[in-house]
Amino acid sequence: MPVLTVASSKGGPGKSTVCEILAGALAGSCHLVALDADPTLAFSRWASETYEGPAFKTIAETDEARLAHLIAEHAGEADLVLVDTAGFGNRAATVAMTSADAVLIPALAGEADITEAEKTARLVEGLARAARREIPARVLFNRVRRTTLAKHAGSELERAKLVRLKASLSDLVAYGELSYSGRVPLSGTAGTEVAALVAELRKLRWIPATTRNAVRP
Ligand SMILES: Nc1ncnc2c1ncn2[C@@H]1O[C@H](COP(=O)(O)OP(=O)(O)O)[C@@H](O)[C@H]1O
Ligand SMILES: [Mg+2]
């Protein structure tokens, strides 16, 4: 069953926001286990205190040894194990990337951010090689302003030989206020973008392809 880890070397490109969006969008249609490996516990606190929507199981575990076992344990029974991580230098993040079937790397569209995304992608490549298996990784452009995006960012990615998702997330109030509103946007521009992101991840088989009513909190 898919383990999807959301990772980036740097704080702030939207890892927890992406986890919140995916959890809220998928909880109603699959058996989702959300693991929060970031010591700030922003994602798990949001899930237990702020989130309004179909229930999903949330576990906060920042100890890397326990995290490895937890991911393996839940990967056997959940449709999707979604893991939020801290930035680099964090061993739990490395464990979460090594345990993943796929790694999603949120990045802002600036040059420095793409360099950071490249570092993350190179680490995933190294971990995959160490584990002697494939761990695909793709960049998700976040907080995109349509005017500034980024033919430039696109060509930077190409230069760095990084693969990006076609879907991206704009810089929208609807995402920014998610951390306190608890409602994952399902309508308007944000709703359309979230649907496109989910559809693309389904096509890649990074998240379960079939939907079913399987809410098991
Ligand atoms: N697409 C977006 N539009 C508007 N605000 C965003 C967007 N993505 C993230 N943010 C805001 O940016 C800040 C950092 O995002 P966060 O998800 O916490 O990053 P990370 O987990 O990678 O450190 C948060 O305040 C969040 O609300
Ligand atoms: Mg975070």
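Residues numbered from 1 in each chain as written. Chains lettered and ligands numbered in written order. Predicted model: local features only at pLDDT ≥ 70, side-chain atom pairs only at ≥ 80, totals over all residues. Heavy atoms only, no water.

- Named according to an unreviewed UniProt entry, the protein is ParA family protein originating from Lichenicoccus roseus.

**Some details on the sheet that holds strand β2 (residues 32–36)**
(1) Moving on: Read across the open sheet, the six strands follow the order β3-β2-β4-β1-β5-β6; overall the sheet is parallel. Every interior strand has two partners, whereas the edge strands, β3 (57–60) and β6 (137–141), have only one. Across the sheet, the mean angle from the axis of one strand to that of its neighbour is 20°, orientation sign disregarded. (Pairing = 2+ DSSP bridges. Helix = DSSP H or I, 4+ residues; strand = E, 2+ residues; numbered from the N terminus. Axes fitted to C-alpha atoms, helices over the stretch in contact; angles between N-to-C directions.)

**A short note on the packing of helix α1 (residues 15–26) against helix α2 (residues 42–50)**
(1) Moving on: Direction vectors running N to C along α1 and α2 enclose 35°, while the axes themselves pass 9 Å from each other. Between α1 and α2 the crossing geometry is right-handed. For the pair α1 and α2, the contacting residues are Ser 16, Cys 19, Glu 20 and Ala 23 in the first and Ala 42, Phe 43 and Trp 46 in the second.
(2) Moving on: Looking at the contact of α1 with α2 residue by residue, the classes come out as five nonpolar, one polar and one charged. (Left-handed = near helix turned anticlockwise from the far one by under 90°. Contact = heavy atoms within 4.5 Å. Nonpolar A, V, L, I, M, F, W, Y, C, P; charged D, E, K, R; others polar.)

**As for the site of ligand 1**
(1) Moving on: The immediate surroundings of ligand 1 are formed by 14 residues, with Gly 12, Lys 15, Thr 17, Asn 142 and Ser 170 found nearest.
(2) Moving on: Within the contact set of ligand 1, an oxygen atom lies 3.0 Å away from a backbone nitrogen or oxygen of Gly 14.
(3) Moving on: The contact in question runs from an oxygen atom of ligand 1 to an N or O atom on the side chain of Arg 143, over 3.0 Å.
(4) Moving on: Summarising the interface, the protein chains cover 76% of the accessible area of ligand 1, which totals 550 Å² for the free molecule.
(5) Moving on: Here the shell around ligand 1 gets three residues from one element, more than from any other, and that element is α1.
(6) Moving on: Here the shell around ligand 1 is built from residues that sort into three nonpolar, eight polar and three charged. (Near = heavy atom within 4 Å. Polar contact = N/O pair within 3.5 Å; in protein donor to acceptor, adjacent residues only side chain to side chain. Areas by Shrake-Rupley, 256 points an atom, 1.4 Å probe, with all protein chains shown as cover.)

**Here we look at the side chain of Thr 85**
(1) Moving on: By secondary structure assignment, the location of Thr 85 is in the loop between β4 (80–84) and α4 (91–98).
(2) Moving on: When neighbours within four sequence positions are excluded, Thr 85 is seen to be in contact with Thr 5, Val 6, Ala 7, Ser 8, Lys 15, Asp 38, Ala 93 and Ala 96.

**Regarding α4**
(1) Moving on: Every buried residue of α4 is listed here: Ala 92, Ala 93, Val 95, Ala 96 and Met 97.
(2) Moving on: Looking at the packing, one finds that the buried side of α4 touches β1 (3–6), α3 (64–75), β4, β5 (102–107) and α5 (111–131).
(3) Moving on: Its side-chain oxygen 3.0 Å from the backbone nitrogen of Ala 92, Asn 90 forms the N-cap of α4. (Buried < 20%, exposed > 50% of the residue type's maximum accessible area, 1.4 Å probe, protein only.)

**Remarks on the pattern of salt bridges**
A side chain with one charge can pair with a side chain of the opposite charge if their charged atoms come near.
(1) Moving on: Inspection of the entire model under this criterion finds ten salt bridges.
(2) Moving on: Arg 183 is paired through a salt bridge with Glu 52; the nearest N and O atoms lie 3.1 Å apart. Of this pair, Arg 183 sits in the loop between α8 (178–181) and α9 (188–203) while Glu 52 sits in the loop between α2 and β3; the two residues are 131 residues apart in sequence, bridging distant segments of the chain.
(3) Moving on: Overall, Arg 183 belongs to the exposed group, its relative accessible area being 53%.
(4) Moving on: In this structure, Glu 156 engages Arg 159 in a salt bridge whose closest nitrogen and oxygen atoms are separated by 3.1 Å. Linking Glu 156 with Arg 159, this pair stays in helix α6 (residues 151–159), spanning three residues, or about one helical turn.
(5) Moving on: The network of salt bridges with common partners includes Glu 118, Arg 122 and Glu 125. (Salt bridge = Lys/Arg side-chain N within 4 Å of Asp/Glu carboxyl O.)

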